[in-house]
Amino acid sequence: MVRASEVLSCDPPVLLEYTWDTEVLRWELSDAEGGTRLVFTNIVDDESTAAAVDPGWDVGLKRLADALDL
């Protein structure tokens, strides 16, 4: 399945925001004490979609955190 996407905001290397089908994904990096802070926002259009994607993001972001701790 091909999903339509559009970049909404891009300010390398600190911001990327884009659509993914009917969702909006936003990745923001900022300086933080001792490193870099990632703020990830996933905007969905209905609660059933949110409930379906939440566990996947939880696992994916945990794997990212583990990889960065190497």
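Residues numbered from 1 in each chain as written. Predicted model: local features only at pLDDT ≥ 70, side-chain atom pairs only at ≥ 80, totals over all residues. Heavy atoms only, no water.

Would you take a moment to explain a nonpolar patch on the surface for this structure?
Judged by side-chain polarity, Val14, Leu29, Leu38, Leu64 and Leu68 come together as a nonpolar surface patch covering roughly 410 Å² of accessible area. Tracing the backbone shows Leu68 in helix H1 (residues 47-68). (Patch = residues over 30% accessible without salt bridge, like charges linked within 9 Å, V, L, I, M, F, W, Y side chains within 5 Å. Areas by Shrake-Rupley, 256 points an atom, 1.4 Å probe, with all protein chains shown as cover. Salt bridge = Lys/Arg side-chain N within 4 Å of Asp/Glu carboxyl O. Helix = DSSP H or I, 4+ residues; strand = E, 2+ residues; numbered from the N terminus.)

Even after reading the chapter, I still don't get H1, so can you show me in this structure?
An α-helix turns once every 3.6 residues. As a result, residues three or four positions apart point the same way. Compared with an ideal rise of 1.5 Å per residue, which puts 22 residues at 32 Å, H1 spans 31 Å between its outermost C-alpha atoms and is within 8% of the ideal. If you look at H1, its biggest bend is around 35°, right at Val53, and the proline Pro55 turns up within four residues after that. (Expected span 1.5 Å × (residues − 1). Bend = angle between axes of the 7 residues up to and from the residue.)

Which parts of the structure should I look at to understand unusual backbone geometry?
A negative phi holds for most residues other than glycine; trans holds for most peptide bonds. Residue Pro13 is bonded to the preceding Pro12 through a cis peptide linkage, with omega at 0°. Within the secondary structure, Pro13 sits in the loop between strand S1 (7-11) and strand S2 (15-20). Positive phi, close to 60°, is recorded for Asp21, a residue that is not glycine. Within the secondary structure, Asp21 is located in the loop between S2 and strand S3 (23-32).

When you look at the sheet that holds strand S4 (residues 35-43) in this model, what are you seeing that I'm missing?
Each strand in a sheet pairs with its neighbour through backbone hydrogen bonds, running either in the same direction (parallel) or in the opposite one (antiparallel). Ordered by their spatial adjacency, four strands build an open sheet running S1-S2-S3-S4, and the pairing between neighbours is antiparallel. Single-partner strands in this sheet number two, and they are S1 and S4. Sheet twist, expressed as the average angle between the axes of neighbouring strands with direction ignored, equals 15°. In the sheet, S3 pairs with S4 via nine bridges, with the strands oriented antiparallel. Across the sheet, the residue bridging to Leu25 is Asn42, located in S4. Running over the sheet, H1 touches S3 and S4 and is turned about 165° from S4. (Pairing = 2+ DSSP bridges. Axes fitted to C-alpha atoms, helices over the stretch in contact; angles between N-to-C directions. Contact = heavy atoms within 4.5 Å.)

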